[in-house]
Amino acid sequence: MNRRALKLKEEECGLCHRADSNPDTYGQKCQRGKLCVHENCLYHASGLVQRGKDEEGFYGFLYPDIRQALKRAVQKTCCVCGCKGASIACQGRKCTKNFHFPCGSEKGCIYQFFGEFKSFCWKHRPVQRMRRRQQQAETICIVCLETMPGKPSYSAMVCPACKHAWFHRDCIQGHALRAALYHFRCPRCRDMGTFQREMFRMGIKIPDRDAAWEEDGAFSDQYDRHSHCDASCCLYVGGREQFADDGPWQLLLCNSCGSQGTHRRCSSLGATKGTWECEDCAEPTGADTNTFLRGVWLSPNGSGFTFVSGSWFLKFLNSV
């Protein structure tokens, strides 16, 4: 039991004293030996400067500087939880409040992720302003589609460009982390410049990278080419997964959907047949006439439909 408690203590962030590792809230957890800190706690620790290159220390924060920041934080008390180790100071004029990163988030503090990475307590944080006639008692979050207040607050935000797109802070933050800098824009009016500047000011973290759906081969399966015979009876001795570059065992893919394939011989396709379509994509043929003969719906005067037998309709067409 003591060993387990010791292990959990070693994994705690030295700046906020929490072992949580949710990257959406804390950023990445950085660990080297007994030194463990959250990415977001690092960026907003008072007096901590990036003196190294990006690949040095943790994101350019050198290890000796981080240890000095830990020593300074021990002397400060968090104005939210009352515990020692508050590493973040409010940048409001003459404000003396200090707090831990997660404590500040829970209380409504705002952390800016650009420029000087300033932090503000709930009394000095930036706010959005709207005319009274543009506010609503209730509206819909454009991200989660749940109801929300139609008045700007810490948790309720609005697009500065169109003034019509409302969203919860947590919802737009999640969207920003996935869309990232090159794809993050207002979900409604699609504005990017004005929208991003306002979101940065209001403490939304927008990573400087490509969108999550463009990274790590997220759509690599979309580039996989169909590569087996789907004929009801495959005749190739090598099996459905094998095929040749040409000849009777060449694999042809459906010319319309590309998601079905057949060996030429399996579908009785000659060497001169250049394209092929699967049953789902092929135009109706004589084999489909039986279905048609069951009946059709006619609208002779545009006011309603009348069902007649398919055989009667064919005789009608032949008599015209």
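Provided above is the structure to which this section pertains.
Everything quoted here is computed from the prediction, not taken from an experiment.

Undergrad: Kindly report on the overall build of the protein, identifying the contributing residues and their values.
TA: Summing up its helical and strand segments, the protein has 9 helices and 14 strands in all. Buried residues in the protein amount to 35% of all 320 residues. Counted over contacts in the protein with a minimum sequence separation of 6, partners at least 24 positions apart contribute 42%.

Undergrad: Explain the pairing of strand β7 (residues 136-140) residue by residue, including any values.
TA: Relative to strand β8 (residues 147-150), β7 runs antiparallel, the two being bridged by 3 bridges. Residue pairing across strands places isoleucine 140 opposite threonine 147, the latter belonging to β8. The turn joining β7 and β8, which pair antiparallel and follow one another in sequence, is formed by 6 residues; a positive phi near 65° is taken by leucine 145.

Undergrad: Can you explain the packing of aromatic side chains? Please cite residues and give values.
TA: Where two aromatic rings form a pair, the distance of their centres and the angle of their planes describe that pair. Within this structure, the stated rule accounts for 11 aromatic pairs. Measuring from centroid to centroid gives 5.0 Å for tyrosine 43 and phenylalanine 117, while their planes differ by 15°, and the two rings are stacked. Taken together, the residues tyrosine 43 in helix α3 (residues 39-44) and phenylalanine 117 in the loop between β5 (110-111) and β6 (119-120) connect sequence positions 74 residues apart. Assessed through its relative accessible area of 19%, tyrosine 43 is described here as buried. Exposure remark for phenylalanine 117: the relative accessible area of 22% places this residue in the partly exposed category. Taken together, the ring pairs connect Tyr43, Tyr59, Phe61, Phe113 and Phe117 into an aromatic cluster. Sitting above the plane of the tryptophan 122 ring, lysine 107 keeps its charged end 5.1 Å from the centroid. Over the aromatic face of tyrosine 154 sits the side chain of arginine 169, whose NZ or CZ is 4.3 Å from the ring centroid.

Undergrad: An account of unusual backbone geometry is needed here, citing residue identities and associated values.
TA: At tyrosine 59, a position not held by glycine, the phi torsion is positive, near 55°. One can find tyrosine 59 in the loop between α3 and α4 (63-74). Classification of tyrosine 59 by relative accessible area gives partly exposed; the value is 29%. With a phi close to 60°, lysine 94 is a non-glycine residue in the positive phi region.

Undergrad: Which residues make up helix α7 (residues 193-201), and what are the values?
TA: For α7, the set of buried residues is Phe195, Gln196, Glu198, Met199 and Phe200. Looking at the packing, one finds that the buried side of α7 touches β9 (156-158), β10 (166-168) and α6 (169-179). Immediately beyond the C-terminal end of α7, within one or two residues, lies glycine 203, with a positive phi of roughly 90°.

Undergrad: Describe the nonpolar core, with residues and values.
TA: Of all hydrophobic cores here, the largest spans 29 residues; its most connected members are Leu15, Val37, Leu42, Ile66 and Phe99. Those residues in contact with leucine 15 that lie beyond four places of it in its chain are Val37, Cys41, Leu42, Ala45, Leu70, Gly85, Ser87 and His100. Ranked by size, the runner-up nonpolar core spans 24 residues in total, among them Met148, Cys162, Trp166 and Cys171.

What counts and what doesn't
- Residues numbered from 1 in each chain as written.
- Predicted model: local features only at pLDDT ≥ 70, side-chain atom pairs only at ≥ 80, totals over all residues.
- Heavy atoms only, no water.
- Helix = DSSP H or I, 4+ residues; strand = E, 2+ residues; numbered from the N terminus.
- Buried < 20%, exposed > 50% of the residue type's maximum accessible area, 1.4 Å probe, protein only.
- Contact = heavy atoms within 4.5 Å.
- Pairing = 2+ DSSP bridges.
- Phe/Tyr/Trp six-rings, centres within 6.5 Å; stacked < 30°, edge-to-face > 60°.
- Lys NZ or Arg CZ within 6 Å of the ring centre and 35° of its normal.
- Core = buried A, V, L, I, M, F, W, Y, C linked by side-chain atoms within 4.5 Å.

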